[in-house]
Amino acid sequence: MKAIRRFTVRPVLPEPLLPLSDLARNLRWSWHAETRDLFQSVDPEHWAAAEGDPVRLLGRVSPARLAELAQDRRFLRRLSAVADDLDDYVSGDRWYQQQGDGLPAAVAYFSPEFGITAALPQYSGGLGILAGDHLKAASDLGAPLIGVGLLYRHGYFRQSLSRDGWQQEHYPVLDPNELPLTQIEEDDGTPARVSLALPGGRALHARIWVAQVGRVPLLLLDSDVEENDPAERGVTDRLYGGGSEHRLLQEMLLGIGGVRAVRTYCRLTGHAEPEVFHTNEGHAGFLGLERIAELGEPDEGGLDFDAALETVRSGTVFTTHTPVPAGIDRFDRDLVARHFGPDAELPGLDPRRVLALGTETYPGGEPGLFNMAVMGLRLAQRANGVSLLHGQVSREMFAGLWPGFDAEEVPITSVTNGVHAPTWVAPEVLRLGSRQLGVQRAEDALTVGGSERWDAVAEIPDQEIWELRRTLREQLVLEVRSRLRASWRQRGAADAELGWIDGVLDPDVLTIGFARRVPSYKRLTLMLRDKVRLTELLLHPQRPVQIVVAGKAHPADDGGKKLVQELVRFADDPRVRHRIVFLPDYGMGMAQKLYPGCDIWLNNPLRPLEACGTSGMKAALNGCLNLSVLDGWWDEWFQPDFGWAIPTADGAAATDHDRRDDIEAAALYELLEGRVTPRFYERGRAALPDRWIEMVRQTLTLLGPKVLAGRMVREYVERLYAPAAQAHRALAPDTARELAGWKARVRAAWPGVSVDHVETTAPTATAELGTSVGLRVRVGLGELTPDDVEVQVVSGRVDSGDRITDASTVPLKPVGNPDLEGRWLYEGPLFLDRTGPFGYTVRILPSHRLLASTAETGLVTAPPQEAVETAGVLLR
């Protein structure tokens, strides 16, 4: 019989066990081994049934067992030690508190998804896992972040397979009362709410839940409240679900409602107000509009739109994860306009100004669409991609927003992603590290980081490394068999048909892992390009390989589902099914078993469409070697000492997708046949694969310190958060008005700015390295003065089209007063610091002490053709 109503009945803990409740409600348990071990000892059988979730565990343990534990002095000593450790962790000084003054009092970090633990399934893939690792690393470092997201009642979908291998989606209902969450309440005990105005006099209400991630509170907004109409109750139903308006409402709730939730949380708890707002991808971009509206309130000094915009920009950081325009959320302008203005949300803002922030003003842009990433860039003074290559791709993709500037000058930097080692490193690897370094040094190395190399790895004997790798591979084999059996039962198979599963995978065979989302550019089925050749690799009599594959296609992506089905059908073939498996329902729980157990982590995206690709980092921290296309982080840090690079097709082959896939698949097979498998199976001293073990050692030594989320968050603090906080503090209301007024004046006057004449003292077209020539440049500034601009000489080597490469810039100085025609003379030296074809140009840029970059305004003036002809191209 089916229940007509559902309740959550909470356990009543005996007083000596009350600390268990606090430990269960702080998600630090998800990466703290001692806390998990403590909960497992409460009731090992129920711990397994609860899938390692302490909240579910405590709801299942019998009162008799709790009473027994309350009298168990050994257990109570362990409980006291773990509770004291948590208290010290959340209240003691850490890295952030040791950095001196100037850092932000708090940072609000917004993301549409957060992957903290499988017990809180609010993620779909890399973006959410990265956001979760960001919060955990911030907690470990003591950085005062406040996370902000949405609480999806169905999370992302659960995946299973039909008998013929077609992906099927299931959406289990999540009850917040059964999750490690606490509802925020007002002082009178009523639930705290945020509300958004909707067209037609309707409203969208949401309550606020808190997930405590170590030291970091994660606020999650939930629209499933009785005050809402049915449509509004469903706004937070599914992650990345619904149509265009549904997604718009989700993003308005995340951005606008999220700021209101942060204000509510800080008011009720006394937490410091954020000085910096960080939006992880464009989904939360509307947070900037809410902050502009806040600053327009009379009691906040009543800044006008432009001054408020400058204030908001100064303290905002925007991170883009998208290497292709198709991956960006874009909405119909009319839809956005309907949700802003006098009859809807933020009535104090002019809807035309709102729409202008998201307008694609660059060549090829769609004027009828509102682009969330474009708005994110316009509302943030600091922006970054998530790997060195992705930063370059992002600068090129968004260069149209800064016309007149070369792509390398577009103000988008990069901070390469990292992964939270305590979450992703297998316990066996942690124990080995602790034996080598000591517990505290090992913990610091994995969380705070800071060293360039982990040289202590060199002292671990080869035999220990190889035994560890074999143990992890064996654990993966058992995990795969269990999951595969469950999958086949879901597909309708009887137990009598599944005896073959006991022979699936071999703990002594080279194991390759491939697990990720399944958009087409990640090329799930590249390995199937030549099925005969792959089969030979799988079944090689002396050097076989085995492959574990997992991944979800988006529910609306039938193309991705066909890729999944193609791979599943190949893996179902009785000839190879003991050597290649597809595991459905890829998530954090599976990933934590998969990364450590693989010998090779395979990644073969279409370059350069992988923004970062952090799965290979998690594998590397467990001693797994990477075999990847040079994309994302691998392009940045690859060395032959610890992995392999899959060659990519260039030139004409890159434009023919089928030919490109054929070429790159053949390169993959050749690497596996000729270099990877021989190295794994060859034996040297003591019958060990010495060269393979050395590559594992080099992976841990050289890659380990780089791939840490602790390194990543420290970079964010030092390079983005601290400068943003300082810029925000510098922009008092009067200063913001001054800067906004200056920008308006400069933009109005810029058409009158010109480079009229350029001349040099160079006598010939050749010169010696280390010499200099003089430059004289006559410019027109119209209504501006030299205080408003900088005149620069830009020089460097030139290519065959006279384009300057590897440019350097030097400011020129004004000489005297304007002439009778109002033109100014600028002079300065041009240093000839490079050999070969060399060239220069001059340009005029706006200049103000509060600009974060010379390109910030998007204004630049270069010489007209006649001025260029006067100057000539220097030193060809």
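Residues numbered from 1 in each chain as written. Predicted model: local features only at pLDDT ≥ 70, side-chain atom pairs only at ≥ 80, totals over all residues. Heavy atoms only, no water.

**Things to note about the overall build of the protein chain**
Item 1. When helices and strands are tallied, the protein chain shows 29 helices and 27 strands.
Item 2. Scaling as 2.2 N^0.38, a compact globule of 876 residues should have a C-alpha radius of gyration of about 29 Å, and the protein chain matches this with 30 Å.
Item 3. Seen along its three principal axes, the alpha-carbon backbone of the protein chain occupies a region of about 95 × 70 × 50 Å.
Item 4. Here the protein chain holds 876 residues, and the buried ones make up 57% of them.
Item 5. Counting only contacts in the protein chain whose residues sit at least 6 apart along the sequence, the fraction spanning at least 24 positions is 74%.
Item 6. Surface summary for the protein chain: the accessible area is close to 35,500 Å², and the carbon and sulfur share equals 50%.
Item 7. Taken together, the 96 basic and 121 acidic charged side chains of the protein chain have centroids lying 5 Å from each other. (Helix = DSSP H or I, 4+ residues; strand = E, 2+ residues; numbered from the N terminus. Rg over C-alpha atoms; globule rule 2.2 N^0.38 Å. Buried < 20%, exposed > 50% of the residue type's maximum accessible area, 1.4 Å probe, protein only. Contact = heavy atoms within 4.5 Å. Areas by Shrake-Rupley, 256 points an atom, 1.4 Å probe, with all protein chains shown as cover. Lys, Arg positive; Asp, Glu negative; His and termini not counted. Charge placed at Lys NZ, Arg CZ, Asp CG, Glu CD.)

**Description of the nonpolar core**
Item 1. With 106 residues, the main nonpolar core has Met527, Ile600, Leu627, Trp644 and Trp692 as its most contacted residues.
Item 2. Contacts of Met527, omitting those with residues within four sequence positions, involve Phe514, Leu534, Ile547, Val549, Leu567, Ile580, Leu602 and Tyr669.
Item 3. One finds Met252, Phe277, Ala736 and Val753 within the second-largest nonpolar core, a separate group that totals 93 residues. (Core = buried A, V, L, I, M, F, W, Y, C linked by side-chain atoms within 4.5 Å.)

**Side note on a negative patch on the surface**
Item 1. Taken together, the side chains of Glu34, Asp37, Glu443 and Asp444 make up a negatively charged region of the molecular surface.
Item 2. Put simply, the parts of the chain that give the negative patch at least two residues each are helix H2 (33–42) and helix H18 (439–447).
Item 3. Looking at where Asp37 falls in the secondary structure, it is placed in helix H2.
Item 4. The exposure class assigned to Asp37 is partly exposed, which follows from its relative accessible area of 41%. (Patch = residues over 30% accessible without salt bridge, like charges linked within 9 Å, V, L, I, M, F, W, Y side chains within 5 Å. Salt bridge = Lys/Arg side-chain N within 4 Å of Asp/Glu carboxyl O.)

**With respect to the sheet that holds strand S25 (residues 813–815)**
Item 1. Ordered by their spatial adjacency, 4 strands build an open sheet running S21-S22-S26-S25, and the pairing between neighbours is antiparallel. If you trace the sheet from one side to the other, it starts and ends with strand S21 (754–760) and S25, each paired once. Averaged over all pairs of adjacent strands, the angle between strand axes in this sheet comes to 30°, irrespective of strand direction.
Item 2. Relative to strand S26 (residues 823–831), S25 runs antiparallel, the two sharing 3 bridges. Paired with Lys813 across the bridge in S26 is Glu827. (Pairing = 2+ DSSP bridges. Axes fitted to C-alpha atoms, helices over the stretch in contact; angles between N-to-C directions.)

**Considerations on the packing of aromatic side chains**
Item 1. Counting across every chain of the model gives 20 aromatic pairs.
Item 2. Ring centres 5.4 Å apart and planes at 40° place the aromatic pair Phe286 and Phe340 in the tilted group. Of this pair, Phe286 sits in the loop between strand S9 (276–280) and helix H10 (287–295) while Phe340 sits in the loop between helix H12 (333–338) and helix H13 (351–357); the two residues are 54 residues apart in sequence, bridging distant segments of the chain.
Item 3. The class of Phe286 is buried, set by a relative accessible area of 0%.
Item 4. Cluster of aromatic residues (ring-pair linked, three or more members): Trp466, Trp644, Phe680, Tyr681 and Trp692.
Item 5. Of note, Arg516 hangs over the ring of Phe514, and the distance from its end group to the ring centre comes to 4.4 Å.
Item 6. Over the face of the ring belonging to Trp424 we find Lys618, whose NZ or CZ atom lies 4.6 Å from the ring centre. (Phe/Tyr/Trp six-rings, centres within 6.5 Å; stacked < 30°, edge-to-face > 60°. Lys NZ or Arg CZ within 6 Å of the ring centre and 35° of its normal.)

**Some thoughts on helix H28 (residues 733–749)**
Item 1. When the terminal C-alpha atoms of H28 are compared, their 24 Å separation across 17 residues agrees well with the 24 Å that a helix rising 1.5 Å per residue should span.
Item 2. When H28 is considered as a whole, its buried residues turn out to be Thr735, Ala736, Leu739, Ala740, Trp742, Lys743, Val746 and Ala749.
Item 3. Summarising the contacts, the buried residues of H28 are in contact with helix H11 (305–314), helix H27 (709–730) and strand S27 (838–846). (Expected span 1.5 Å × (residues − 1).)

**Digging into the side chain of Arg516**
Item 1. Take Arg516: it is sitting in the loop between strand S15 (510–515) and helix H20 (531–538).
Item 2. The buried charged residue Arg516 lacks any salt bridge partner; its closest oppositely charged side chain belongs to Glu610, at an N-O distance of 4.6 Å.
Item 3. Of note is the side chain of Arg516, whose polar atom sits 3.4 Å from the side chain of Asn603.
Item 4. Those residues in contact with Arg516 that lie beyond four places of it in its chain are Lys522, Ala550, Gly551, Lys552, Tyr586, Trp601, Leu602, Asn603 and Ser615. (Polar contact = N/O pair within 3.5 Å; in protein donor to acceptor, adjacent residues only side chain to side chain.)

**Some words on the sheet that holds strand S23 (residues 789–798)**
Hydrogen bonds along the backbone pair up the strands of a sheet, which may run parallel or antiparallel.
Item 1. If you walk across this open sheet you meet the 3 strands as S24-S23-S27, and the pairing is antiparallel. One side of each edge strand has no neighbouring strand; the edge strands of this open sheet are strand S24 (804–811) and S27. Between one strand and the next, the sheet's axes are offset by a mean angle of 30°, whatever the strand orientation.
Item 2. As defined by bridge partners, S23 adjoins S27 across 9 bridges and the pair is classed as antiparallel. Within S27, the position partnered with Glu790 by the bridge is Leu845.

**Describing the packing of helix H19 (residues 462–490) against helix H26 (residues 690–703)**
Item 1. Put simply, H19 and H26 touch, their axes get as near as 10 Å, and they point 85° apart. With respect to their mutual orientation, H19 and H26 come out roughly perpendicular. Counting all contacts with H19, which are made through Asp462, Ile465 and Trp466, the residues of H26 involved are Asp690, Trp692, Ile693, Val696 and Arg697.
Item 2. Taken together, the residues of the contact of H19 with H26 sort by class into 5 nonpolar, no polar and 3 charged. (Parallel < 35°, antiparallel > 145°, perpendicular 65-115°, else oblique. Nonpolar A, V, L, I, M, F, W, Y, C, P; charged D, E, K, R; others polar.)

**Looking at the confidence of the model for the protein chain**
Item 1. Residues at a pLDDT of 70 or more form 97% of the protein chain, whose mean pLDDT is 93.
Item 2. This model gives residues 872–876 a pLDDT under 50, and the stretch forms 23 contacts once residues within four places in sequence are excluded. (pLDDT = per-residue confidence, 0-100.)

**A short note on the pairing of S9**
Item 1. Taken across its 5 residues, S9 has 5 buried, putting it largely inside the fold.
Item 2. Judged by which residues are buried, S9 turns out to be covered on both faces: Val276, His278 and Asn280 on one side and Phe277 and Thr279 on the other are all buried.
Item 3. Where strand S1 (residues 107–110) meets S9, 4 bridges bridge the pair, whose relative direction is parallel. Pairing of Ala108 across the sheet is with Phe277, part of S9.
Item 4. Summarising the sheet, S9 and strand S10 (residues 316–319) pair through 4 bridges and their orientation is parallel. Within the sheet, the bridge partner assigned to His278 lies in S10 and is Val317.

**Concerning unusual backbone geometry**
Item 1. In this chain, Arg607 is followed by Pro608 through a cis amide linkage whose omega measures 5°.
Item 2. Relative to the assigned elements, Pro608 resides in the loop between strand S18 (600–603) and helix H23 (615–620).
Item 3. Even without being glycine, Arg523 reaches a positive phi, approximately 55°.
Item 4. Summarising the element assignment, Arg523 is placed in the loop between S15 and H20.
Item 5. Of the residues examined, Arg523 reaches a relative accessible area of 6% and is grouped as buried.
Item 6. Not every positive phi belongs to a glycine, and Ala687 is a case in point at roughly 60°.
Item 7. For Ala687, a relative accessible area of 54% gives the class exposed.

**Thoughts on the environment of Val753**
Item 1. Within the element layout of this structure, Val753 appears in the loop between H28 and S21.
Item 2. Measuring from C-alpha to C-alpha, the distance between Val753 and Thr861 comes to 7.0 Å, with 108 residues separating the pair along the chain.
Item 3. Ignoring sequence-local partners within four residues, the contact set of Val753 consists of Gly780, Leu781, Leu784, Ile844 and Thr861.

**Brief notes about the pattern of salt bridges**
Item 1. By the definition in use, this model includes 68 salt bridges.
Item 2. With a closest N to O distance of 2.8 Å, Arg330 and Glu360 form a salt bridge. In this pair, Arg330 is assigned in strand S11 (residues 330–332) and Glu360 in the loop between H13 and strand S12 (369–371), connecting sequence segments 30 residues apart.
Item 3. Accessibility expressed as a relative area gives 36% for Arg330, which makes it partly exposed.
Item 4. Residue Asp495 pairs with Arg489 through a salt bridge whose shortest N-O separation is 2.8 Å.
Item 5. Among the residues examined, Arg489 registers a relative accessible area of 45% and is labelled partly exposed.
Item 6. By sharing partners, the salt bridges in this structure join Arg523, Arg529, Asp658, Arg660, Asp661, Asp662 and Glu664 into a single network.

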